[in-house]
Amino acid sequence: MQTSATPVFDAIASGPSTGSPTTHGAGPLASIAPGVAFFDFDGTLIHGDSLLMFIGEVIGRNRARLAFLDALRSGLHRHARGRGPGVDFPGSVKTILLRRTLRGVPVADALAAAERLVHRIRWHAPLVETLKMHRREGRRVVVATGALDVYMPALLRGLDVDDLLATGMEVEDNTLTGRLCTGNCVRLDKLERVRGWIAANGPFGETWAYGNRPSDLPMLSIVDRPTVVKIR
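Sequence order sets the numbering: in each chain, residues are counted from 1 along the sequence as written. Owing to the predicted nature of the model, reporting of local features is limited to residues with pLDDT of at least 70; listing and counting of side-chain atom pairs is limited to 80 or more, with chain, interface and lining totals taken over all residues. Side-chain measures were taken over the full set of non-hydrogen atoms in the model, leaving aside hydrogen atoms and water.

Participant: It is not clear to me how the side chain of His134 should be interpreted in this structure. Could you clarify?
Facilitator: Residue placement: His134 occurs in helix α5 (residues 125-136). The class for His134 is buried, based on a relative accessible area of 0%. Not counting residues up to four positions away in its chain, the partners in contact with His134 are Ala37, Phe39, Arg139, Val141, Trp208 and Tyr210. Strands here are runs of E lasting at least two residues and helices are runs of H or I lasting at least four, both read from the DSSP assignment and numbered beginning at the N terminus. Only protein chains enter the accessibility calculation, which uses a 1.4 Å probe. A residue is then buried if its area is under 20% of the maximum for its type, exposed if over 50%, and partly exposed in between. Residue contacts follow a heavy-atom distance rule, with two residues in contact if any of their heavy atoms lie within 4.5 Å.

Below, the structure written as structure tokens:
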């Protein structure tokens, strides 16, 4: 059995978009080491949500929409009985959706779908520029996202990103099982992974984070300079 977690990757290419972030809070400057900036992906660096788009590239867009609606219904029924497979309702819907759409998909097919997805995403240009600004100023850059590790490396190709914290998909015999091999990297799980990354790679003079509400608020609460992003 071969099991895969978040892979090492290259990084991003950007495209035009609109919108601007709103910044709240700031911590004191320090001189321990260059800083680090964490970026959410869906709804922050890009418009919309990449997961359903990816599933659409794997099984077809109409089937993906129907699968999502079916997972939504199943999630509601299971949570009403106290049997949701995720830590919360959105997590249960995601867990059900992944099992029903990605189980049995060869990794090679998933990677090919990721390459097609590269041409569908719409970059949020102001945040892509913010990411590049942090790199120009010598800070480390980490993307922390609930998106899947199986397709994020293809999307993060072209920008200078140091690391990726993503939701890992389990692989057996070069085939996706439809199950996760990590926590779902959103909300409290994302907070703990970002906190662990800082502990393992710091100390840093100052920390930044960019994300949308409500799922990124826990991550934003632990950095010196949090930014809530609103794409208009």
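Let's pick the thread back up.
Participant: Explanation requested: the nonpolar core in the structure shown.
Facilitator: It is characteristic of soluble globular proteins that their nonpolar side chains tend to be buried jointly. One finds Phe41, Phe54 and Tyr151 to be the most contacted residues of the largest nonpolar core, which totals 49 residues. Setting aside residues up to four positions removed in sequence, Phe41 forms contacts with Ile46, Ser50, Ile121, Trp123, Val143, Ala144, Thr145, Met152, Leu155 and Leu156. Side-chain atoms within 4.5 Å link the members of a nonpolar core, which is a set of buried Ala, Val, Leu, Ile, Met, Phe, Trp, Tyr and Cys residues.

Participant: What am I meant to see in the pattern of salt bridges here?
Facilitator: Pairs can form between side chains of opposite charge once their charged atoms are near each other. By definition here, a salt bridge exists when the distance from a side-chain nitrogen of Lys or Arg to a carboxyl oxygen of Asp or Glu is within 4 Å. Within this structure, the stated rule accounts for 17 salt bridges. The residue Arg193 makes a salt bridge to Asp189 at a minimum N-O spacing of 3.7 Å. Pair noted here: Arg193 and Asp189 are both in helix α7 (residues 187-201), with a separation of four residues, about one helical turn. Since its relative accessible area comes to 25%, Asp189 is described here as partly exposed. Residues Glu206 and Arg225 are paired through a salt bridge, measuring 2.6 Å at the closest nitrogen-oxygen approach. Here the residue Glu206 occupies a position in the loop between α7 and β7 (207-211), and Arg225 occupies one in strand β8 (residues 225-230), the gap between them amounting to 19 residues. The exposure class of Glu206 is buried, given its relative accessible area of 5%. For Arg225, a relative accessible area of 26% translates into the label partly exposed. Counted as one network, the salt bridges with shared partners bring together Glu57, Arg61, Arg116 and Arg120.

Participant: Can you help me understand the packing of helix α1 (residues 50-59) against helix α4 (residues 107-117) in this one?
Facilitator: The relative placement of two packed helices comes down to the angle between their axes together with the axis-to-axis distance. To define axes, lines are fitted to C-alpha atoms, for helices over the stretch in contact only, and angles between the resulting N-to-C directions are given on a 0 to 180 degree scale. Close contact between α1 and α4 brings their axes to 9 Å; oriented N to C, the two are set at 120 degrees. When the axes of α1 and α4 are compared, the pair comes out oblique. Read as a crossing pair, α1 and α4 show a hand that is right-handed. Taken together, the residues of α4 that come into contact with α1 (itself represented by Ser50, Met53, Phe54, Glu57 and Val58) are Ala110, Ala113, Ala114, Arg116 and Leu117. Classes in brief: Ala, Val, Leu, Ile, Met, Phe, Trp, Tyr, Cys and Pro nonpolar; Asp, Glu, Lys and Arg charged; the others, Gly included, polar. Grouping the constituent residues of the contact of α1 with α4 by class yields seven nonpolar, one polar and two charged. Put simply, angles under 35 degrees are roughly parallel, angles over 145 are roughly antiparallel, angles from 65 to 115 are roughly perpendicular, and the rest are oblique. Left-handed describes a crossing whose near helix is turned anticlockwise from the far helix through less than a right angle; right-handed describes the clockwise counterpart.

Participant: Please clarify how the pairing of β7 should be interpreted in this entry.
Facilitator: Along β7, five of the five residues are buried, which leaves the element largely enclosed by surrounding structure. By the alternation rule, side chains of β7 split into Thr207, Ala209 and Gly211 and Trp208 and Tyr210, which are all buried. Two strands pair if DSSP finds at least two bridges between them. Two strands pair when backbone bridges link them, and strand β2 (residues 36-39) and β7 are joined in this way by four bridges, in the parallel orientation. Directly across from Phe39, in β7, lies its bridge partner Tyr210. Note: β7 against β8, four bridges, orientation parallel. Across the sheet, the residue bridging to Tyr210 is Thr227, located in β8.

Nothing here speaks to function; it is all geometry.
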